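# Examining the three-dimensional arrangement
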Amino acid sequence: MKKIAILASGNGTNAEQMVHHFENHPKATVALILTNRQQAYVLERAKRLGVPAFYFNKEQWSEGHEVLALLRQYEIDFVVLAGFLAYVPQVVLSCYNHRMVNIHPSLLPKFGGKGMYGDHVHEAVIEAGEKESGITIHYTNEHYDEGTIICQERCPVMPDDTPESLATRVHQLEYKYYPMVVERLVCEALTTATR
Ligand code: GAR
């Protein structure tokens with residue numbers, strides 16, 4: 001059984017979708033949720049879903065060794081960022097190179113980088129008069145919203161869209177594709193490992 005950890009900073013709707021997707025899955029499970037915000041609603045969700053969840057403070061995230069120790073303790077094979085708004089420590093990045101992915105609510109490289117998260121992204125997309133938006137799933141590296149792109153999915157931006165209505169459309173893409181892509185990557189890694 002492959003074990004997945006989710007890193008999230010906020011509401012955690014993607015985290016919840018991911019947990020449900022892997023419930024009763026024969027090959028993988030969400031074994032751990034980590035956050036950098038003590039008040040993050042994802043902690044409530046984790047409690048309800050019965051997934052162990054832990055908060056680490058700013059120093060612990062920038063130093064990284066305690067985070068890595070916990071990932072090792074839970075024998076985590078794959079890390080999924082779902083609305084995680086802090087830097088991933090270098091020690092964790094190195095250890096999970098090509099075994100850690102992020103999702104961003106725009107068609108990167110457009111509307112990515114520092115300060116571009118959640119509704120800020122959708123506001124900027126509307127402001128720029130874009131005709132389409134979407135999601136990008138990519139491997140993580142030491143820069144926000146960079147790293148090799150794994151897949152992008154698109155949706156229209158309507159003339160009367162608000163950041164909220166666009167966010168709802170983009171979230172639907174996230175819920176549909178993120179768990180599927182993670183499943184493919186985790187199970188692919190499984191196949192490679194047993195070759
Ligand atoms: C998601 O839309 C995700 O793409 C975005 O944060 C939201 C989290 O929502 N991530 C970023 O902006 C990363 N730069 P959620 O907490 O409800 O899953």
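That block above? That's the structure.
Below or above, wherever it landed, is the structure these notes cover.

What counts and how
- Sequence order as written defines residue numbering, which begins from 1 separately in each chain.
- Two thresholds apply to this predicted model, a pLDDT of at least 70 for residue-level local features and 80 or more for giving and counting side-chain atom pairs, whereas whole-chain, interface and lining totals are computed over all residues.
- To obtain the side-chain values, all non-hydrogen atoms of the structure were included, while hydrogens and water were left out.
- Centres within 6.5 Å are what make two rings of Phe, Tyr or Trp a pair, Trp counting through its six-membered ring; a difference in plane orientation under 30 degrees is then read as stacked, over 60 as edge-to-face, and the rest as tilted.
- Whether a residue is buried, partly exposed or exposed follows from its accessible area with a 1.4 Å probe, protein chains only, as a fraction of its type maximum: under 20%, in between, or over 50%, in that order.
- Secondary structure elements are taken from DSSP: a helix is a run of H or I of four residues or more, a strand is a run of E of two residues or more, and numbering for both begins at the N terminus.
- DSSP-based pairing: two strands are paired if at least 2 bridges between them are found.
- Every angle, taken between N-to-C directions, lies between 0 and 180 degrees, and every axis is a line fitted to C-alpha atoms, over only the stretch in contact when it is a helix.
- Note on definitions. A residue lies near a molecule or strand when any single heavy atom of the residue is within 4 Å of it.
- Definition of a polar contact: a pair of N or O atoms within 3.5 Å, with one able to donate and the other able to accept a hydrogen when the atoms are protein atoms, and with sequence-neighbouring residues admitted only if both atoms are side-chain atoms.
- Computed with a 1.4 Å probe, the accessible areas rest on the Shrake-Rupley method; for each residue, only the protein chains presented here act as cover.
- Each residue is assigned to one of three groups, with Ala, Val, Leu, Ile, Met, Phe, Trp, Tyr, Cys and Pro labelled nonpolar, Asp, Glu, Lys and Arg labelled charged, and all others, Gly among them, labelled polar.
- Note that the arc is defined by the directions from the helix axis to the C-beta atoms.
- Looking down the strands as they point away from the viewer, one classifies a crossover as right-handed if the path from the first strand across the helix to the second runs clockwise.

### Some points on the packing of aromatic side chains
The tally for this structure, following the rule as stated, stands at three aromatic pairs. Here F56 and W61 contribute two aromatic rings whose centre-to-centre distance is 5.9 Å and whose plane-to-plane angle is 90°, an arrangement assigned as edge-to-face. According to the relative accessible area criterion, W61 is buried, its value standing at 3%. Measuring from ring centre to ring centre gives 4.8 Å for W61 and F84, while their planes differ by 55°; the resulting arrangement is tilted. Within this pair, whereas W61 is found in helix α3 (residues 58-63), its partner F84 is found in the loop between β4 (78-81) and α5 (90-95), the two being separated by 23 residues in sequence.

### Structural notes on the sheet that holds strand β6 (residues 132-139)
Across the sheet, which stays open at both edges, the seven strands sit in the order β3-β2-β1-β4-β5-β6-β7 with mixed pairing between neighbours. Taken across any chain shown, the strands that pair with only one partner, and hence form the sheet edges, are β3 (53-55) and β7 (149-156). Adjacent strand axes in the sheet meet at a mean angle of 20°, parallel and antiparallel pairs treated alike. Examined bridge by bridge, β6 and β7 share seven bridges and lie antiparallel to one another.

### Description of the site of the ligand
The local shell around the ligand holds 14 residues, among which G12, T13, N14, H104 and E174 are the closest. At 2.9 Å from an oxygen atom of the ligand is found a main-chain nitrogen or oxygen belonging to N14. Here the ligand, which alone exposes 450 Å², has 91% of that area covered by the protein. Looking at side-chain class alone, the shell around the ligand contains four nonpolar, eight polar and two charged residues.

### Some thoughts on helix α2 (residues 41-49)
Within α2, burial applies to V42, R45, A46 and L49. For α2, the buried positions fall inside an angular range of 100° around the axis, keeping them on one side. Opposite the packed face of α2, turned more than 90 degrees from it, sit the exposed residues K47 and R48. Of the residues trailing α2, G50 is marked for its positive phi of about 75°.

### Quick word on the pairing of strand β2 (residues 28-35)
With seven of eight residues buried, β2 lies mostly within the body of the structure. In the sheet, strand β1 (residues 2-7) pairs with β2 via six bridges, with the strands oriented parallel. If you follow A5 over to β2, its bridge partner there is L32. You can see the chain leave β1, run along helix α1 (residues 13-21) and come back into β2, and the turn it takes is right-handed. Relative to β3, β2 is paired through three bridges, and the arrangement is parallel.

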